[in-house]
Amino acid sequence: MSDVIQLELQGRVALIRIHRPEAMNALNDAVMDGLRAALDQAEAHADIGCVVLTGSEKVFAAGADIAAMQHLDFAEAFSTDFITRNWERLRTFRKPVIAAVSGFALGGGCELAMMCDLVFASESARFGQPEIKIGTLPGAGGTQRLPRAVGKAMAMDLCLTGRLMDAQEALRAGLVSRVLPTDKLLEEALATAQKIASYSLPALMMMKETVNRSFESPLSEGIWYERRMLHATFALADQKEGMNAFLEKRAPHFQHK
Ligand code: CO8
């Protein structure tokens, strides 16, 4: 794959690992190019139904690469649309993604985790948007997704003070859905991903798209969209199989179509 992004296929799950230990997995162009390539591969691969994105035990990602942007000026940042190329790829990825976060998920690292569909944290996980400490702002959705996840007061608390949130606080606040012992994090994330990937892939993709719609539209529009997507599932062979299997008291055999 690349030096800094490792891709491993395990059954119907793609495990993507950020590996830049010398810089706390700081996110530079090489990392983001590698992540885009890995996601492209996982999206194109018909037999992949779910992705797990992780870092190391010590760090998920400590943010955008500060050394790479230290001397950036406004004209260059604006004209090159800094932080845009490849950053939007995770947002547009259509299959489910679980972030398995151990250690630091700061700045762009926290933003990356929030772009995933589920976030599992190890007991050592620390989340934060500490950009204010270095005189800058989040730039990959931190000020937008964090309040949606944890509410305005908590988001302001984190963004304005730059303090870090531990795993239990993140669980209480709704930023993560599970906290696990550090040595069980990846195992649980992969097992959950295998379970998700065993379901009908088109139904999963429709589910993800529909839940995400709740952030993009008023309630009445979202409910209308959900109703139409429900109707659309009746065109899937997997819906027939799933309901038949239930009524025949047997396990379904989804064909992902
Ligand atoms: N960028 C570049 N290098 C980094 C980064 C980073 N974000 N974080 C750590 N490193 C490097 C350190 O410079 C150090 O390098 P060296 O060994 O060559 O001196 C090495 O990683 C190890 O780091 P520390 O010695 O600091 O390790 P500690 O265990 O003492 O501390 C911390 C770990 C707490 C994670 C600490 O490194 C830290 O605070 N890092 C910076 C966190 C931060 O401010 N993140 C936000 C960055 S800005 C951002 O992400 C948003 C910008 C908007 C764009 C959004 C999309 C990315």
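Just so it is clear, the structure is predicted and the values come from calculations on it, not from any experiment.

Strands sit in the order β4-β6-β8-β9 across an open sheet of four strands; the sheet is mixed. Each edge of the sheet is formed by a strand with only one pairing partner; in this case those strands are β4 (59-61) and β9 (165-166). The pairing of strand β8 (residues 126-128) with β9 spans two bridges and is antiparallel. Bridge pairing links Arg126 to Asp166 in β9. Against the sheet, helix α5 (residues 108-115) engages β4, β6 (104-106) and β8, with an angle of about 90° to β6.

With that settled, consider the site of the ligand. Lining the immediate surroundings of the ligand are 24 residues, of which Ala62, Ala64, Ile66, Trp87 and Gly108 lie closest. Interatomic distance of 2.8 Å between a backbone N/O atom of Ala64 and an oxygen atom of the ligand. In this structure, Gly108 approaches the ligand through a main-chain N or O atom, which is 2.8 Å from an oxygen atom. Look at the ligand: alone it shows 1,000 Å² of surface, and the protein chains cover 62% of it. Every element with two or more residues in the shell around the ligand is listed here: α2 (66-69), β6 and α5. Of the residues contributing to the shell around the ligand, the split by class is 16 nonpolar, four polar and four charged.

Taken together, six strands build an open sheet; the order of strands is β1-β2-β3-β5-β7-β10 and the sheet is mixed. Looking along the sheet, the strands with just one partner apiece sit at the ends: β1 (5-10) and β10 (178-180). Averaged over all pairs of adjacent strands, the angle between strand axes in this sheet comes to 20°, irrespective of strand direction. The pairing of strand β7 (residues 118-122) with β10 spans three bridges and is parallel. Residue pairing in the sheet places Ala121 in a bridge with Val179 of β10.

Our focus in this paragraph is the packing of α5 against helix α6 (residues 142-150). Where α5 meets α6, the axes come as close as 10 Å, and the angle between the chain directions of the two elements is 55°. By the angle between their axes, α5 is oblique relative to α6. Read as a crossing pair, α5 and α6 show a hand that is left-handed. Judged by residue contacts, Glu111, Met114 and Met115 of α5 engage Gly142, Arg145 and Leu146 from α6. In terms of residue class, the contact of α5 with α6 is built from three nonpolar, one polar and two charged.

Parameters and conventions
- Residues numbered from 1 in each chain as written.
- Predicted model: local features only at pLDDT ≥ 70, side-chain atom pairs only at ≥ 80, totals over all residues.
- Heavy atoms only, no water.
- Pairing = 2+ DSSP bridges.
- Helix = DSSP H or I, 4+ residues; strand = E, 2+ residues; numbered from the N terminus.
- Contact = heavy atoms within 4.5 Å.
- Axes fitted to C-alpha atoms, helices over the stretch in contact; angles between N-to-C directions.
- Near = heavy atom within 4 Å.
- Polar contact = N/O pair within 3.5 Å; in protein donor to acceptor, adjacent residues only side chain to side chain.
- Areas by Shrake-Rupley, 256 points an atom, 1.4 Å probe, with all protein chains shown as cover.
- Nonpolar A, V, L, I, M, F, W, Y, C, P; charged D, E, K, R; others polar.
- Parallel < 35°, antiparallel > 145°, perpendicular 65-115°, else oblique.
- Left-handed = near helix turned anticlockwise from the far one by under 90°.

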